Amino acid sequence: MKRTANAFWLNSPGAGEIREVTLPAPSEGDVLVRALYSGVSRGTETLVFRGGVPESQHAAMRAPFQEGDFPAPVKYGYLSVGEVEEGPADLVGRTVFCLYPHQTRYVVPVTAVTLVPENVPAERAILAGTVETAVNAAWDAAPLVGDRIAVVGGGMIGCSVAALLARFPGVRIQLVDADPARANVAKALGVDFALPRDALGECDLVVHASATEQGLARSLELLTPEGTVLELSWYGDRKVSLPLGEAFHSRRLVIRSSQVGTVSPARRSSRTYADRLALALELLADPALDALITGESAFEELPQVMPRLTSGEIPALCHRVRYGKSA
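Residues numbered from 1 in each chain as written. Predicted model: local features only at pLDDT ≥ 70, side-chain atom pairs only at ≥ 80, totals over all residues. Heavy atoms only, no water.

A. Structural detail: the overall build of the protein chain. Within the protein chain, the secondary structure is distributed over 9 helices and 17 strands. In terms of overall dimensions, the protein chain has C-alpha extents of about 70 × 40 × 35 Å along its principal axes. Counting every position in the protein chain, which comprises 327 residues, the buried fraction comes to 51%. Counting only contacts in the protein chain whose residues sit at least 6 apart along the sequence, the fraction spanning at least 24 positions is 65%. Split by element, the accessible area of the protein chain, about 14600 Å² in all, is 51% carbon and sulfur. For the protein chain, the centre of its 31 positive side-chain charges and the centre of its 37 negative side-chain charges are spaced 2 Å apart. (Helix = DSSP H or I, 4+ residues; strand = E, 2+ residues; numbered from the N terminus. Buried < 20%, exposed > 50% of the residue type's maximum accessible area, 1.4 Å probe, protein only. Contact = heavy atoms within 4.5 Å. Areas by Shrake-Rupley, 256 points an atom, 1.4 Å probe, with all protein chains shown as cover. Lys, Arg positive; Asp, Glu negative; His and termini not counted. Charge placed at Lys NZ, Arg CZ, Asp CG, Glu CD.)

Laid out in structure tokens, this is it:
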């Protein structure tokens, strides 16, 4: 019997549509998942939607189950939560997370899904990929007890990192963003907030996630001598200028990159992606992280919603997509 599903495709930069797709028959070792929710990561996915992935990064930016190629047509996404309908008996009926694009049903190897803990609601589990990135950033940052920390950029990743780093003993931490509305998110996460001009200086560590030149320049200004900026921003095809004159060298400042897809062998050589994702799902038991989900729409509305997310007409951190029961 022919099985079909509906998927969101980017036809050309700035224009998407819902397409019917044919599902393969599940083989031994596969699962058939019915989507419950998926998440739109506003930073990366809107970059893809506007066609801003540099040609040099087409291979590096591929999502695990992406179809098509950049800039378009392409089926892209990586924050899906669903219920297993077919597969191993111990998984049928269970809620799982998968790095899959926006699609109503899909067939993947059983190794591609991660069980969502029973104390984590499916609605919140779409944040697993984002919190996993934050876990990796925290491992790269390697903060010390009592560090003075700023996270510059109150987007989805920056807020997640701030929420994790705030759990370290004795740290002074601020979330810094040019949008005063981010103060409400910071409060919900239990993190102090400041506008860039009001941010506390003498930081041992600044995590930069604003993807702006101004944010990176301000991050350097906030450092104490020999302090470190951990750069998490993804700039796509944009060129970035840095103020590396004046006191940059005399203060012996450091800029380090953090890469979402790999763990530094010098820091966590024995930890795999599966380890990070399982840890992220455990951390999502905290209801405060619901503050990262700032909007919701139906799957069928994605062709109209994505342009509005990309333009900023719909302000968002993570935008949740819901699927009907008959999806």
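B. Just the pattern of salt bridges, in detail. As enumerated under the stated definition, the model contains 17 salt bridges in all. The closest approach of N and O atoms between Asp 69 and Arg 62, which form a salt bridge, is 2.9 Å. Among the ionic pairs, Arg 148 bridges to Asp 204, the shortest N-O distance being 2.9 Å. One end of the pair, Arg 148, is in strand 10 (residues 148–152); the other, Asp 204, is in strand 13 (residues 203–208), and 56 residues separate them in sequence. Given the relative accessible area of 29%, Arg 148 is considered partly exposed. One salt-bridge network, in which partners are shared between bridges, spans Arg 34, Glu 83, Glu 85 and Arg 105. (Salt bridge = Lys/Arg side-chain N within 4 Å of Asp/Glu carboxyl O.)

C. Inspection of the nonpolar core at higher detail. Formed by 86 residues in total, the largest nonpolar core has its most connected members in Leu 127 and Leu 189. Among the elements that line this core, the one with the most residues is helix 3 (residues 128–141), at 8 residues. Look past the residues within four positions of Leu 189 in its chain and what remains in contact with it is Cys 159, Ala 163, Ala 288, Leu 289, Ala 291 and Leu 292. Of all hydrophobic cores here, the second largest spans 16 residues; its members include Val 152, Val 206, Ala 211 and Leu 223. (Core = buried A, V, L, I, M, F, W, Y, C linked by side-chain atoms within 4.5 Å.)

D. Fine view of the packing of helix 3 against helix 4 (residues 156–165). Packing of helix 3 against helix 4 leaves a shortest axis separation of 9 Å and a crossing angle of 60 degrees. One finds that helix 3 runs oblique with respect to helix 4. The two elements helix 3 and helix 4 cross, and the hand of that crossing is right-handed. Contacts from Thr 130, Val 131, Thr 133, Ala 134, Val 135, Ala 137 and Ala 138 in helix 3 reach Met 156, Ile 157, Ser 160, Val 161, Leu 164 and Leu 165 in helix 4. When the residues that make up the contact of helix 3 with helix 4 are grouped by side-chain class, the tally is 10 nonpolar, 3 polar and no charged. (Axes fitted to C-alpha atoms, helices over the stretch in contact; angles between N-to-C directions. Parallel < 35°, antiparallel > 145°, perpendicular 65-115°, else oblique. Left-handed = near helix turned anticlockwise from the far one by under 90°. Nonpolar A, V, L, I, M, F, W, Y, C, P; charged D, E, K, R; others polar.)

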